[in-house]
Amino acid sequence: MRNCCRFFNSSIGLKITMALTGMLLCGFLLLHMLGNVIILFSPEAYNLYSFKLTSNKIFLYTAEVGLLGLAILHILVAIKLSLHNRRSRPERYQNKKNSGLSRRTWYSSNMIITGGIILYFIVTHLLDFRFGEEIMTVQNSVTIRDVAASVIGEFQEMGDVIFYVVAITLLMFHILHGLRSAFASLGLEYPRYEKSFNVLSKLFVFGVSAGFIVIPIWIYFVGV
Ligand code: HEM
């Protein structure tokens, strides 16, 4: 127990926890994006997919509690790490400019801010889709939730489309830096593989973000 507390109080322990929770949340994002893209091909298939995913309540609640636990841990550790860094680097205010060799970017310096906006997005997103009004439909003689109708309804307003595009773009920058930090914290940054890692992580981040962003834009401008 004491070792466990010591781990969570050390800078490396916090960084490893941050890296692992962040990577697991990225896994959720990939699956969530792939599931949501189905709506562009067939709203009926999307409803069926959602029905299958949510009909096993034990699976659903376990996954939701796991996801919530990961998100809470990720946020708490982020706050703790940020306070930790602030205390151990008082000179940051004098040395804010990017140096030529530094990997510092506007988004790597503002992870707490992009994270806060993403959290705000997730709360409103859950209020709309997870806890919002449930529309029902009958498919193959079975009454199921018409999740497609909720999503299509949401993206009839330009303001909502812009909100999603902005939030997902910030999410993209957040993960772009997060993945790089995660690999460094886990000691997986080998100079030999740096180029391939950079290409793969960018492919992942841009692929997931593009998959999410295309949904509101397509529904608003083209329709499904
Ligand atoms: C166009 C993009 C998106 C669409 C259409 C979408 C759609 C949905 C829908 C319909 C649900 C409710 C599922 C249900 O109750 O059966 C949901 C849940 C959720 N979404 Fe999204 N989503 C999008 C993007 C995102 C993004 C970018 C994030 C994270 C930053 C996210 C995080 C979540 C979470 C955490 C849940 C709750 C999962 C659960 O309770 O099982 N979503 N989403």
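This structure is a prediction, so every number in the text was calculated from the model and none was measured.

Asker: It is not clear to me how the site of the ligand should be interpreted in this structure. Could you clarify?
Answerer: Every one of the 20 residues lining the ligand counts as a neighbour, but Asn36, Phe129, Arg130, Phe212 and Ile215 are closest to it. Where the shell around the ligand is concerned, the elements lending two or more residues are α2 (11-41), α3 (43-55), α4 (57-88), α5 (111-130), α6 (147-154), α7 (158-185) and α8 (194-221). By residue number, the principal contributor to the shell around the ligand is α5, which donates six residues. Of the residues contributing to the shell around the ligand, the split by class is 13 nonpolar, five polar and two charged.

Asker: Before we go on, may I ask you to explain the pairing of strand β1 (residues 136-139) in this structure?
Answerer: The two faces of the sheet receive side chains in turn, since in a regular strand these alternate between them. In terms of strand pairing, β1 meets strand β2 (residues 142-145) through four bridges, oriented antiparallel. In the sheet register, Met136 faces β2, and the bridge partner there is Arg145. Linking β1 back to β2 in an antiparallel pair, the connection comprises two residues, with Asn140 at a positive phi of about 50°.

Asker: It is not clear to me how the packing of α5 against α7 should be interpreted in this structure. Could you clarify?
Answerer: What describes two packed helices is the angle between their axes and the distance between those same axes. Following both chains from N to C, one finds α5 and α7 inclined at 135°, their axes separated by 9 Å at the closest point. The angle between the axes of α5 and α7 places the two elements in the oblique class. Considering how the two elements wind past one another, α5 and α7 form a crossing that is left-handed. Of the residues in α7, those touching α5 at Met111, Thr114, Gly115, Ile117, Ile118 and Phe121 are Ala167, Leu170, Leu171, Phe173, His174 and His177. Looking at side-chain class alone, the contact of α5 with α7 contains eight nonpolar, four polar and no charged residues.

Asker: Help me understand the packing of α2 against α3 in this model?
Answerer: Contact geometry for α2 and α3: axes closest at 6 Å, N-to-C directions at 150°. Taken together, the axis directions place α2 and α3 in an arrangement best described as roughly antiparallel. Along the contact surface, α2 presents Gly35, Ile38, Ile39 and Phe41, while α3 presents Pro43, Ala45, Tyr46 and Tyr49. Residues of the contact of α2 with α3, tallied by class, amount to seven nonpolar, one polar and no charged.

Asker: Whenever I open this one, the confidence of the model for the protein confuses me. Can you help?
Answerer: Caution applies to low-pLDDT regions: their predicted coordinates should not be interpreted in detail. Taken residue by residue, the protein gives an average pLDDT of 92. The fraction at 70 or more is 93%. The lowest-confidence element of the protein is helix α1 (residues 2-9), averaging 76 in pLDDT; the highest-confidence one is α6, averaging 98. Low pLDDT (under 50) marks residues 95-101, which in the prediction has one contact with non-local residues, meaning those over four places away or in another chain.

Asker: Whenever I open this one, α4 confuses me. Can you help?
Answerer: Side chains three or four residues apart in an α-helix point the same way, a direct result of the helix having 3.6 residues per turn. Spanning 32 residues, α4 covers 46 Å between terminal C-alpha atoms, matching the ideal 46 Å at 1.5 Å per step. α4 sits mainly on the outside: three of its 32 residues count as buried. Listed in full, the buried residues belonging to α4 are His74, Val77 and Ala78.

Asker: Got a minute to help me understand the environment of Cys4 in this structure?
Answerer: Relative to the elements of secondary structure, Cys4 occurs in helix α1. Among the residues examined, Cys4 registers 9 C-beta atoms within 10 Å and is labelled exposed. As a C-alpha pair, Cys4 and Leu186 span 182 residues in sequence and 18 Å in three-dimensional space.

Asker: Got a minute to help me understand unusual backbone geometry in this structure?
Answerer: For residues besides glycine, phi is generally negative; the peptide bonds are generally trans as well. One non-glycine residue, Asn140, adopts positive backbone phi at about 50°. Inspection of the secondary structure puts Asn140 in the loop between β1 and β2.

Asker: Before we go on, may I ask you to explain the environment of Phe28 in this structure?
Answerer: With respect to the helices and strands, the residue Phe28 is situated in helix α2. Owing to 14 C-beta atoms within 10 Å, Phe28 belongs among the partly exposed residues under this scheme. Expressed as a C-alpha distance, the spacing of Phe28 and Ala184, which sit 156 residues apart in the sequence, is 21 Å.

Cut-offs applied
Residues numbered from 1 in each chain as written. Predicted model: local features only at pLDDT ≥ 70, side-chain atom pairs only at ≥ 80, totals over all residues. Near = placed C-beta within 6 Å. Helix = DSSP H or I, 4+ residues; strand = E, 2+ residues; numbered from the N terminus. Nonpolar A, V, L, I, M, F, W, Y, C, P; charged D, E, K, R; others polar. Pairing = 2+ DSSP bridges. Axes fitted to C-alpha atoms, helices over the stretch in contact; angles between N-to-C directions. Parallel < 35°, antiparallel > 145°, perpendicular 65-115°, else oblique. Left-handed = near helix turned anticlockwise from the far one by under 90°. Contact = placed C-beta atoms within 7 Å. pLDDT = per-residue confidence, 0-100. Expected span 1.5 Å × (residues − 1). Buried ≥ 20, exposed ≤ 12 C-beta atoms within 10 Å, placed from the backbone.

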